[in-house]
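# Coordinates in review
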2 protein chains.
Amino acid sequence: MKNSKTKYAVLGVISLLGPMSGYDIKMFCDKAISFFWNENFGHLYPVLAQLESNGLICRSDLEEGTRKKSYVITEKGRIELEEWLVGPVEYQPERSELLLKLSFGNQMQGKDIISMLEATKARNQLKFDRLNNIYDQYINNDEAMKKPQYPYWIVTLRYGITSLEASLKWCDDTIEFLNKYNGGK
Amino acid sequence: MKNSKTKYAVLGVISLLGPMSGYDIKMFCDKAISFFWNENFGHLYPVLAQLESNGLICRSDLEEGTRKKSYVITEKGRIELEEWLVGPVEYQPERSELLLKLSFGNQMQGKDIISMLEATKARNQLKFDRLNNIYDQYINNDEAMKKPQYPYWIVTLRYGITSLEASLKWCDDTIEFLNKYNGGK
DNA sequence: ACTTGCATGTAAATCGTTACATGATTAC
DNA sequence: GTAATCATGTAACGATTTACATGCAAGT
């Protein structure tokens, strides 16, 4: 559990959104932050158990009688979370399957490259639209603005939107460039 | 070896750049494509051995007497490479430590957020400058233009440049936004 | 002599995904 | 009644990273 960012994701989400179960955390990831963070049950539950046994989170008493196991963060957990928060953002080696394939483009047929780019564009357009919807609902929303995380969520949304925008433009430019290049030779 | 993209990276690089050793492949990754693809020795060598035992690559006779083991792609390897190339680009769940931390920004001190963003900006500025240098040397270079991969490498470079540009702009905007927001409240 | 770069590999650990297994509750 | 959603977990597997280990060759 040295490098598990899942650990910190869990600590952060729980510390921010009060008593939460593994299921709650998963749903929150899927619905609210999946454009920059993802978790799955198979990893989440063991980490949760480990965090509890290490005293970084503990059971809340909100679930009386149900199967649901809600957790809150402990003082010890909060300290570890803060240590991570002020530490450096770890370098993450890039791995883009799209670019890898594209760099071997001379071994592909022109139509296959274009359809790969079109598929990427379509996928990103969907993400872009979805994010923009969320953003529009969130920005200047009185309810949302009361929350202390408001400005931070705004900027993460903007990150997603900005980079998807750039990606969409690149798709268009690239399709045009390759069409011209292959037409012109 | 079902989902190993390393496998395809190796096949692609070897098929494109002729007889290559594990070391050669690693150096190529580091120097030429590290902005979108990375490999490490610990993974590379076992995969190389496996690809050879599966008949997807075979030893070339270029290394007589040296310790260096150079490989070329086989017909079987080329077929598998092409199958992967025309297949769909797999969805990769996002995981950005920067955005994860930022989304917990209300639990950080203002100065720590700003320095995190400044560090990100500085790092990306470096990458941006480096990529631009490579791009400038490559674009319209007579030597480079003769190679069949020329247009494809151009567009991958543009991808890197475009997305770093977007990221740099976002850093500036975000620093300004958060400064204003926290100053104004 | 010594450091840097070339060169290949193994072992251990870990992280994360996928598939599997189970069962309660709620809505239609 | 039955499908969807809520809810928790385990097991197996696979991919990748990190650390370790070795040794040659070339330049300074």
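Residues numbered from 1 in each chain as written. Chains lettered and ligands numbered in written order. Predicted model: local features only at pLDDT ≥ 70, side-chain atom pairs only at ≥ 80, totals over all residues. Heavy atoms only, no water.

Identification of chain A as Transcriptional regulator, PadR-like family from Ruminiclostridium papyrosolvens DSM 2782 is taken from an unreviewed UniProt entry.

## With respect to the packing of aromatic side chains
Keep this limit in mind: Two rings belonging to Phe, Tyr or Trp (six-membered ring only in the last case) form a pair when the distance between their centres is within 6.5 Å. Interplanar angles under 30 degrees mark stacking, angles over 60 mark edge-to-face geometry, and anything in between is tilted. A helix here means a DSSP run of H or I that spans at least four residues, while a strand means a run of E at least two residues long, and both kinds are numbered starting from the N terminus.
In total, this model carries 21 aromatic pairs over all chains according to the counting rule given. Plain terms: the ring middles of Trp 170 of chain A and Tyr 159 of chain B are 4.8 Å apart, the flat faces sit at 90° to each other, and that makes the pair edge-to-face. Of this pair, Trp 170 of chain A sits in helix H8 (residues 150-184) while Tyr 159 of chain B sits in helix H8 (residues 150-184), which puts the two residues in different chains. With centroids separated by 5.6 Å and ring planes inclined at 15°, the aromatic side chains of Phe 41 of chain B and Tyr 45 of chain B adopt a geometry described as stacked. Linking Phe 41 of chain B with Tyr 45 of chain B, this pair stays in helix H3 (residues 41-53), spanning 4 residues, or about one helical turn.

## Some points on the packing of helix H1 (residues 5-17) of chain B against H3 of chain B
All names here are of chain B. The condition that has to hold: Axis definition: a line fit to C-alpha positions, over the contact stretch in the case of helices; interaxial angles, taken between N-to-C directions, run 0 to 180 degrees. An angle below 35 degrees is treated as roughly parallel, one above 145 as roughly antiparallel, one from 65 to 115 as roughly perpendicular, and anything else as oblique. Pairs of residues are marked as contacts when any of their non-hydrogen atoms sit within 4.5 Å. Each residue gets one label: Ala, Val, Leu, Ile, Met, Phe, Trp, Tyr, Cys and Pro are nonpolar, Asp, Glu, Lys and Arg are charged, and the others, such as Gly, are polar.
At their nearest, the axes of H1 and H3 sit 10 Å apart, and the two run at 75° to each other. Overall, the two elements H1 and H3 adopt an arrangement that is roughly perpendicular. Between H1 and H3, the contacting residues are Thr 6, Lys 7, Val 10, Leu 11 and Ile 14 on the first element and His 43, Leu 44, Val 47, Leu 48 and Leu 51 on the second. For the contact of H1 with H3, the residue count by class is 7 nonpolar, 2 polar and 1 charged.

## Points about the relation of the copies chain B and chain A
Where we set the bar: The superposition of copies rests on a least-squares fit of C-alpha positions from residues with pLDDT of 70 or more in both.
For the pair chain B and chain A, the best superposition has an RMSD of 0.1 Å and corresponds to a rotation of 180° with a translation of 0.0 Å parallel to the axis. Here the transformation between the copies is reduced to the relation of a two-fold axis. When the interface residues of chain B are mapped onto chain A, 100% of them are again interface residues, pointing to one common binding face.

## Here we look at the interface of chain B and chain A
Stated precisely, the cut-off is as follows: Any Lys or Arg side-chain nitrogen found within 4 Å of a carboxyl oxygen on Asp or Glu counts as a salt bridge. Within 3.5 Å is the distance limit for a polar contact, defined as a pair of N or O atoms, with the added protein rule that one can donate a hydrogen and the other accept it, and that residues adjacent in sequence qualify only through two side-chain atoms.
Counting residues at the interface gives 66 residues for chain B and 66 residues for chain A. Connecting chain B to chain A are 2 salt bridges. One salt bridge in this structure joins Arg 95 of chain B and Glu 39 of chain A, with 2.5 Å as the shortest N-O distance. Here chain B is connected to chain A by 28 residue pairs in polar contact (both at pLDDT 80 or more). In terms of residue count, H8 of chain B provides more of the side of chain B that touches chain A than any other element does, 17 residues in total. A per-class count over the side of chain B that touches chain A returns 37 nonpolar, 16 polar and 13 charged.

## A short note on the protein's contact with DNA strand C
For the record, the criterion: We call a residue near a molecule or strand as soon as one heavy atom of that residue lies within 4 Å of the molecule or strand.
Among the 20 residues in the neighbourhood of DNA strand C, the closest are listed as Asn 40, His 43 and Arg 67 of chain A together with Lys 69 and Arg 95 of chain B. Each atom of DNA strand C within 4 Å of the protein was classed as base or backbone; sugar and phosphate made up 65%. At 2.4 Å from a base nitrogen of DNA strand C is found a side-chain nitrogen or oxygen belonging to Arg 67 of chain A. Between DNA strand C and the protein, one listed contact pairs a phosphate oxygen with a side-chain N or O atom of Arg 95 of chain B at 2.4 Å. Among the secondary structure elements, those contributing two or more residues to the surface near DNA strand C are helix H3 (41-53) of chain A together with helix H2 (22-33) and H3 of chain B.

## Some details on the protein's contact with DNA strand D
Around DNA strand D, the structure places 20 residues, and the nearest of them are Lys 69 and Arg 95 of chain A together with Asn 3, Asn 40 and Arg 67 of chain B. With respect to DNA strand D, the side chain of Tyr 23 of chain A contributes an N or O atom lying 2.8 Å from a phosphate oxygen. Between DNA strand D and the protein, one listed contact pairs a phosphate oxygen with a side-chain N or O atom of Lys 68 of chain A at 3.5 Å. Contributions of two or more residues to the surface near DNA strand D are made by helix H2 (22-33) and H3 of chain A together with H3 of chain B. Of all the elements, H3 of chain A adds the most residues to the surface near DNA strand D, at 3 residues. The class makeup of the residues in the surface near DNA strand D is 5 nonpolar, 9 polar and 6 charged.

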